[in-house]
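# Structural characterization, general
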Amino acid sequence: MTVNQRKAQTRIERAAPIVADGPGEVLSRLSDMCELRGLDGLSADLLVLRDLAGPDLERLVAELETLEVTERLAQRAAGALLSNGGKRLRPLCVALAARVGTGFDDVALQLAVAVELVHNATLLHDDVIDLAPTRRGAPAARAEFGNAASIFAGDWLLIEALRRVRRAGVPGLLDELLETIAEMIRGESLQLENRGRLALDRQLYFEIAESKSATLFRWALRAGARAGGLGTAECRALGDYGTQLGVAFQIIDDLLDLTGERQATGKELFADLREGKLTLPLILALERQPDLRPALEEIASSAEAADVGSGVRRRIAEALVRTGAVRESRELAGYRIAAALECLEGLPAGDATAALALVARSTLMREG
């Protein structure tokens with residue numbers, strides 16, 4: 001065992017059970033942020049959401065703790081990531097969609113665990129592709145256990161997710177998840193083919209975002225709806241809501257990569273660009289200021305954040321504001337959220353439907 005692996009094992013042994021920040025703490029922090037911004041109504045609604053969905057997510061955390069994380073290197077790598085928690089947004093979507101129907105039962109619980117495992121599997125694989133040093137503010141699994149262990153860890157989580165869906169026994173959902181994973185791979189492949197080219201256009205960007213990011217949100221909402229016994233029209237509406245929410249979530253991620261605070265995001269600014277990914281704000285800025293390309297290429301070719309002079313970063317940051325790229329990106333995310341809210345209009349009124357609307361609106365307020 002290497003020094004890094006010994007350190008990681010110690011951290012796993014000392015970690016809080018599977019999640020550093022519990023679901024209630026995440027929602028409470030978001031509520032506090034809204035209150036500071038003068039959004040008292042949204043702040044109060046988030047606390048209501050915490051009370052509604054908090055018990056469901058606590059059940060999720062308890063179920064995640066039943067995963068058999070042995071001394072096998074791949075399983076320890078997976079456990080290291082899971083122990084760092086996360087926002088648990090996708091399983092929250094499963095829980096709320098199920099509550100639109102008959103409620104969050106043991107079947108919905110298995111589906112919520114499955115979607116969280118798939119999401120974490122993609123993170124493990126992404127970090128290897130991107131050579132990422134950190135994840136969620138801690139050393140990435142690949143940095144502690146090695147690239148091979150991180151890949152096998154992701155594979156293990158995917159297999160465990162598929163087992164959970166099979167165990168849930170909802171007709172057709174396993175096939176839908178397999179199609180979802182295939183679509184995610186297609187999106188990742190498209191992004192990989194265009195990595196470093198700095199030539200992405202809007203149409204291709206949204207194609208990648210819908211395949212790579214939004215499709216898992218779509219499955220989460222449809223899975224929860226199926227578990228809750230909802231009909232075909234309601235399942236379709238919730239799936240469409242998930243697609244719009246997922247694209248908006250990706251756009252806000254793009255903005256945070258360029259304008260966020262490291263303490264909140266857990267990564268250095270311009271990390272996506274250094275990995276050769278041209279995100280939506282940069283696409284918009286390049287459309288309006290083509291002479292920005294050399295500065296972007298300098299960052300894209302740098303191995304570390306410290307390799308890029310502050311003047312280059314400042315020039316890009318100023319261009320993002322001057323060209324309106326930041327403003328328009330947020331507006332485009334807002335349009336997606338509006339479309340997501342429209343998808344909820346035909347659903348049964350109630351606390352869960354109102355909570356899904358709140359999840360959509362609060363996505364625009366994310367800081368990490």
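Structure: above.
All of the points below concern the structure found in this document. (Residues numbered from 1 in each chain as written. Predicted model: local features only at pLDDT ≥ 70, side-chain atom pairs only at ≥ 80, totals over all residues. Heavy atoms only, no water.)

## A word on the pattern of salt bridges
Worth spelling out the cut-off: Salt bridges are identified by distance alone: a Lys or Arg side-chain nitrogen within 4 Å of an Asp or Glu carboxyl oxygen. What counts as a helix is a DSSP run of H or I of at least four residues, what counts as a strand is a run of E of at least two, and both are numbered from the N terminus. Working definition: with a 1.4 Å probe on protein chains only, accessible area under 20% of the residue-type maximum means buried, over 50% means exposed, and in between means partly exposed.
Throughout the structure, instances matching the rule amount to 20 salt bridges. For E116, the salt bridge identified is with R88, shortest N-O distance 2.6 Å. Within this pair, whereas E116 is found in helix α6 (residues 106–130), its partner R88 is found in the loop between α4 (73–82) and α5 (89–100), the two being separated by 28 residues in sequence. Classification of E116 as buried rests on a relative accessible area of 1%. A relative accessible area of 3% means that R88 is categorised as buried. In this structure, K277 engages D130 in a salt bridge whose closest nitrogen and oxygen atoms are separated by 3.0 Å. In this pair, K277 is assigned in the loop between α13 (271–274) and α14 (280–288) and D130 in helix α6, connecting sequence segments 147 residues apart. Accessibility classification places K277 together with D130 in one group, the buried group. When salt bridges that share partners are traced, they join E63, E160, R163 and R164 into one network.

## Some points on the nonpolar core
Spelled out, the test is: In these notes, a set of buried Ala, Val, Leu, Ile, Met, Phe, Trp, Tyr and Cys residues joined through side-chain atoms within 4.5 Å is what counts as a nonpolar core. Working rule for contacts: check all heavy atoms of both residues, and any pair within 4.5 Å makes them a contact.
Counting residues in hydrophobic clusters, the biggest one holds 113 residues, and the most contacted among them are L111, L238, Y241, L296 and I316. A per-element tally of this core places helix α10 (residues 202–227) first, with 14 residues. Those residues in contact with I316, other than ones at most four positions away along the chain, are F270, L282, L292, A295, L296 and I299.

## Things to note about the packing of aromatic side chains
Threshold: The aromatic pairing rule takes the rings of Phe, Tyr and Trp, using the six-membered ring of Trp, and pairs them if the centres are within 6.5 Å, calling planes under 30 degrees apart stacked, those over 60 edge-to-face and the rest tilted. Only Lys NZ and Arg CZ are tested; either one counts as a charge over a ring when it is within 6 Å of the ring centre and within 35 degrees of the ring normal.
If you walk through the whole model with that rule in mind, you get two aromatic pairs. Its end group placed over the ring of F249, R90 keeps NZ or CZ at 5.6 Å from the ring centre.

## Notes on the packing of helix α8 (residues 147–168) against helix α9 (residues 173–193)
Selection criterion: Every angle, taken between N-to-C directions, lies between 0 and 180 degrees, and every axis is a line fitted to C-alpha atoms, over only the stretch in contact when it is a helix. Any angle that is under 35 degrees is reported as roughly parallel, and any over 145 degrees as roughly antiparallel; angles of 65 to 115 degrees are reported as roughly perpendicular and all others as oblique. It is the rotation of the near helix from the far one that decides the hand of a crossing: anticlockwise by less than a right angle makes it left-handed, clockwise makes it right-handed. Following the grouping adopted for this structure description, the nonpolar residues are Ala, Val, Leu, Ile, Met, Phe, Trp, Tyr, Cys and Pro, the charged ones are Asp, Glu, Lys and Arg, and the polar ones are all others, Gly among them.
With their axes 9 Å apart at the nearest point, α8 and α9 run at an angle of 155 degrees to one another. With respect to each other, α8 and α9 are oriented roughly antiparallel. Considering only the axes of α8 and α9, their crossing is right-handed. Residues L158, L162, V165 and R166 of α8 form the contact with α9, whose participating residues are L173, L174, L177, L178 and I181. Residue composition of the contact of α8 with α9, grouped by class: eight nonpolar, no polar and one charged.

## Side note on unusual backbone geometry
One non-glycine residue, R88, adopts positive backbone phi at about 55 degrees. The residue L131 is not glycine, and still its phi comes out positive at about 55 degrees. The topology assignment puts L131 in the loop between α6 and β1 (134–135). The class of L131 is exposed, set by a relative accessible area of 54%.

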